[in-house]
Amino acid sequence: MDKKIVGVNAGKIWHVLNEVDGISIPELARKVNLSVESTALAVGWLARENKVFIERKNGLVAVSYTHLT
C-alpha cells in the first residue's frame, strides 16, 4: 500500500477520534469505511507520531487520545 494512502487514512481516523475517544479497531474501521487492515496501518502511523494510544479493552485493541485505564 502506498504511504500516501496510509497518511490520508490516518487523517480520516484522526478526525473520527475527535468525535469518539476510546474505540476498537473494527468499530473504527466501520466508522471510516475502511478495511480493518487499512485502519490498523493508519493507526500505526498515528501511534508512531505519538498521537494516539493503543491498548487492549475487553479483549479488543482500542485506540484513544489518552490512556483508557
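Scroll up to find the structure.
Fair warning: this is a prediction, and the values are worked out from it, not measured in the lab. (Residues numbered from 1 in each chain as written. Predicted model: local features only at pLDDT ≥ 70, side-chain atom pairs only at ≥ 80, totals over all residues. Heavy atoms only, no water.)

## Examining the side chain of serine 64
To keep things clear, this is the line we draw: Numbering of helices and strands runs from the N terminus; a helix is a DSSP stretch of H or I covering at least four residues, while a strand is a stretch of E covering at least two. Whether a residue is buried, partly exposed or exposed follows from its accessible area with a 1.4 Å probe, protein chains only, as a fraction of its type maximum: under 20%, in between, or over 50%, in that order. What makes two residues a contact is simply this: any of their non-hydrogen atoms within 4.5 Å.
For serine 64, the position within the fold is in strand E3 (residues 60-64). For serine 64, a relative accessible area of 0% translates into the label buried. Non-local contacts of serine 64, meaning those with residues more than four positions away in its chain, are made with Asp21, Gly22, Val52, Phe53 and Glu55.

## Here we look at the sheet that holds strand E2 (residues 53-57)
Operational definition: The pairing criterion for strands is at least two bridges between them, as found by DSSP.
Ordered in space as E1-E3-E2, the 3 strands form an open sheet in which the pairing is antiparallel. Looking at which strands have only one partner, the edges of the open sheet turn out to be strand E1 (23-24) and E2.

## Some remarks on the packing of aromatic side chains
Condition: Pairing of aromatic side chains requires ring centres within 6.5 Å, counting the rings of Phe and Tyr and the six-membered ring of Trp. Pairs whose planes differ by under 30 degrees are stacked, by over 60 edge-to-face, and all others tilted. Two limits define a charge over a ring: the Lys NZ or Arg CZ must be within 6 Å of the ring centre, and within 35 degrees of the ring normal.
For the structure shown, the criterion picks out 0 aromatic pairs. Between lysine 51 and the ring centre of tryptophan 14, over which it is positioned, the NZ or CZ distance is 5.6 Å.

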